[in-house]
Amino acid sequence: LDEAETAAIMRHNQQFSQQTPAEQFFHEFFEAADPADADAQWLTATAILMAVKVRAGASFKVPANNVFGRTLRSLPGLPHKHTAHGNVFCVRLRQ
C-alpha cells in the first residue's frame, strides 16, 4: 500500500474507532482552538488532565500523564507545539 491508500483506509476506519473515556471527557470540556483566537489557551497535557479530573469528578479514572499526552497528540485538528516546558496544546474551554 502506498501513503495515499493508507490514509484513505485510516479515514474510513476512523468511523469505527471508539473513544477512550479520557477522549470523551476532553471533548466534553474542551475543544481545539485556533491559536489566533482570543479565548485560546496553550496548556500542557497535565493541566488539561487535571481540569478534566476536577470537572468530571469521581467518575473519571485518571490515565497516566504520558498516555494522555499521546492521546491528545493523536487527535486530528488539535494544534500542539513543543516548548521548553514540554508539549502544549491549543484549547478552549467549552461553556
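It should be noted that the structure appears before, not after, this text.
Calculation rules
Residues numbered from 1 in each chain as written. Predicted model: local features only at pLDDT ≥ 70, side-chain atom pairs only at ≥ 80, totals over all residues. Heavy atoms only, no water. Salt bridge = Lys/Arg side-chain N within 4 Å of Asp/Glu carboxyl O. Helix = DSSP H or I, 4+ residues; strand = E, 2+ residues; numbered from the N terminus. Buried < 20%, exposed > 50% of the residue type's maximum accessible area, 1.4 Å probe, protein only. Phe/Tyr/Trp six-rings, centres within 6.5 Å; stacked < 30°, edge-to-face > 60°. Lys NZ or Arg CZ within 6 Å of the ring centre and 35° of its normal.

(A) Inspection of the pattern of salt bridges at higher detail. Applying the stated rule across the entire model yields three salt bridges. As a salt-bridge pair, Arg-94 and Glu-31 come within 3.5 Å of each other at their nearest N and O atoms. Taken together, the residues Arg-94 in the segment after β4 (86–93) and Glu-31 in strand β1 (residues 30–32) connect sequence positions 63 residues apart. Under the relative-accessibility criterion, Glu-31 is labelled partly exposed at 24%. Arg-92 is the partner of Asp-37 in a salt bridge, and the nearest nitrogen-oxygen pair spans 1.9 Å. Here Asp-37, found in the loop between β1 and β2 (41–44), pairs with Arg-92, found in strand β4; they are 55 residues apart in sequence, far enough to count as distant. With a relative accessible area of 28%, Asp-37 lands in the partly exposed category. When its relative accessible area of 19% is taken as the criterion, Arg-92 is described as buried.

(B) How the structure looks around the packing of aromatic side chains. Within this structure, the stated rule accounts for two aromatic pairs. Between the aromatic rings of Phe-25 and Phe-29, the centroid separation amounts to 6.1 Å while the plane-to-plane angle is 10°, which identifies the pairing as stacked. Placement of the pair is Phe-25 and Phe-29 together in helix α2 (residues 21–29), with a separation of four residues, close to one helical turn. Residue Phe-29 is classed as buried on the basis of its relative accessible area of 8%. Their ring planes at 15° and their centres at 5.8 Å tell us that Phe-26 and Phe-30 sit as a pair that is stacked. The exposure classification of Phe-26 matches that of Phe-30, with both residues buried. Seen from the ring of Trp-42, Lys-81 lies directly overhead, with NZ or CZ sitting 4.4 Å from the centre.

Shape descriptors only; they carry no functional weight alone.
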